[in-house]
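Examination of the molecular architecture
Chain residues, written in single-letter form:
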Amino acid sequence: MSKLYVVGTPIGNLGDFSPRAVETLEKVDFIAAEDTRVTLKILNHFGIKKEMVSYFEHNKRERGEYIASRIADGESCAIVTDAGMPAISDPGQDLVHLCHEMNIDVESVPGPTAFATALAISGMDSGRFTFEGFLSVSKKSRREHLEDIKDEMRTMIFYEAPHKLANTLKDLYCALGNRKLCIVRELTKIHEEVIMTTLKEACELYCDGKLKGELVLIIEGKAKDAAEEITFEDAVNMAKGYVENGMSVNNAAKETAAQTPFRKNDIYKALL
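Scope of this entry: the structure provided in the associated data block. The model shown is predicted, which means the values in this text are computed figures rather than measured ones.

Here is what the cut-offs are and how they apply
Residues numbered from 1 in each chain as written. Predicted model: local features only at pLDDT ≥ 70, side-chain atom pairs only at ≥ 80, totals over all residues. Heavy atoms only, no water. 1 Å grid on protein atoms, 1.4 Å probe; cavity = no way out; pocket = protein on both sides within 12 Å on 5 of 7 lines; lining within 4 Å. Points joined across faces, edges and corners; volume = space filled by probe spheres on them. Nonpolar A, V, L, I, M, F, W, Y, C, P; charged D, E, K, R; others polar. Core = buried A, V, L, I, M, F, W, Y, C linked by side-chain atoms within 4.5 Å. Buried < 20%, exposed > 50% of the residue type's maximum accessible area, 1.4 Å probe, protein only. Helix = DSSP H or I, 4+ residues; strand = E, 2+ residues; numbered from the N terminus. Contact = heavy atoms within 4.5 Å. Pairing = 2+ DSSP bridges. Right-handed = clockwise from strand over helix to strand, strands pointing away.

As a further point, take empty space enclosed by the protein. Evaluated as defined, the whole model comprises one cavity of 30 Å³ or more. Considering only enclosed or pocket space, the largest cavity measures out at about 30 Å³ in volume. Around the largest cavity, the lining residues are Glu34, Tyr55, Phe56, Ile79, Val80, Thr81, Asp90, Pro91 and Gly92. Considering only residue class, the lining of the largest cavity consists of five nonpolar, two polar and two charged.

Below, the structure is given as structure tokens:
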């Protein structure tokens with residue numbers, strides 16, 4: 001049956017390639033690959049011989065239409081990226097979208113994803129997080145992105161290349177202040193490493209270009225202000241403390257309201 005298979009590939013260790021993924025690459029008519037040289041290594045490792053079509057950022061429009069038309073004509077295709085799940089911070093998203101528009105079936109063959117794997121071994125808060133991908137090299141887009149996330153309270157995850165790390169660390173530190181940072185490098189490879197640090201410390205230690213390998217940056221979200229965390233009961237107790245120190249009920253309610261999210265009248269009534 002004609003279909004697009006979105007196939008996750010190992011992010012480092014070929015032992016992570018699933019039997020179902022191998023079976024899928026064996027049965028499809030052709031493979032859309034980000035870099036055919038990288039994918040050829042995987043195919044050779046598993047003894048698979050299959051036609052490949054290059055599909056990457058700079059040819060995705062014309063190649064996307066070509067790939068989708070072949071699927072629409074009855075062929076099946078697997079899209080793979082160099083490492084991880086296609087369509088995650090990857091031009092494969094455009095091909096998947098095009099196939100949906102053309103009512104072509106899309107099926108997932110999941111595999112490792114770098115940002116989720118890195119978060120899992122970082123020990124950072126994973127209850128709520130946001131994947132931010134790569135910061136743009138465009139100064140305007142980069143500035144707008146950083147402005148958008150400066151008050152983000154969820155854990156933030158970024159991808160970055162080693163040669164861009166220094167500028168990225170400096171820009172993140174300037175925009176976010178000093179936050180806890182986990183740098184995860186070379187996931188599932190021989191030199192896998194988890195570095196627990198801060199943005200300030202990382203700027204001092206890792207802006208010399210010596211930190212190599214594929215990098216995932218995990219940054220803690222902005223801490224809530226004390227005023228956002230205080231409860232009404234806390235506010236009333238604060239006002240009672242002012243009264244006990246000689247302040248009038250009215251002034252105590254007024255002062256407490258200025259320091260908390262609660263209304264003066266509500267605090268005043270609670271004090272009476």
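Still more ground to cover, so stick around.
Soluble globular proteins: nonpolar side chains tend toward being buried together. One finds Phe158, Leu169, Leu172, Leu181, Ile183, Tyr206 and Ile219 to be the most contacted residues of the largest nonpolar core, which totals 20 residues. Every element with two or more residues in this core is listed here: helix H6 (139-149), strand E7 (155-160), helix H7 (165-176), strand E8 (180-185), helix H8 (199-205) and strand E10 (215-219). For this core, the leading source of residues is H7, giving four residues. Apart from residues lying up to four places away in sequence, Leu169 is in contact with Leu181, Leu199, Ala202, Cys203, Tyr206 and Cys207. Phe30, Ala32, Val53 and Met85 belong to the second largest nonpolar core, which has 17 residues in total.

Right, let's get into the pairing of E7. Most of E7 is tucked away: six of the six residues are buried. With burial as the criterion, each face of E7 is covered, one bearing Thr155, Ile157 and Tyr159 and the other bearing Met156, Phe158 and Glu160. Bridge analysis of strand E6 (residues 129-133) against E7 gives four bridges, and the strand direction is parallel. The residue bridging Phe131 from the neighbouring strand is Ile157, located in E7. Regarding topology, H6 serves as the crossover connection from E6 to the parallel E7, and that connection is right-handed. Pairing of E7 with E10, which is carried by five bridges, proceeds in the antiparallel orientation. Along E10, the bridge assignment pairs Glu160 with Leu215.

Its identity is not glycine, yet Ser89 carries a phi of approximately 50°, on the positive side. Taking the relative accessible area as the measure of exposure, Ser89 reaches 41% and is therefore partly exposed. The phi dihedral of Thr188 falls on the positive side, at around 65°, and the residue is not glycine. Following the sequence through the fold, Thr188 ends up in the loop between E8 and strand E9 (193-198). Overall, Thr188 belongs to the partly exposed group, its relative accessible area being 22%.

In this structure, Glu152 sits in the loop between H6 and E7. Here Glu152 is in contact with Thr130, Arg179, Gly221 and Lys222, once residues within four sequence places are set aside.

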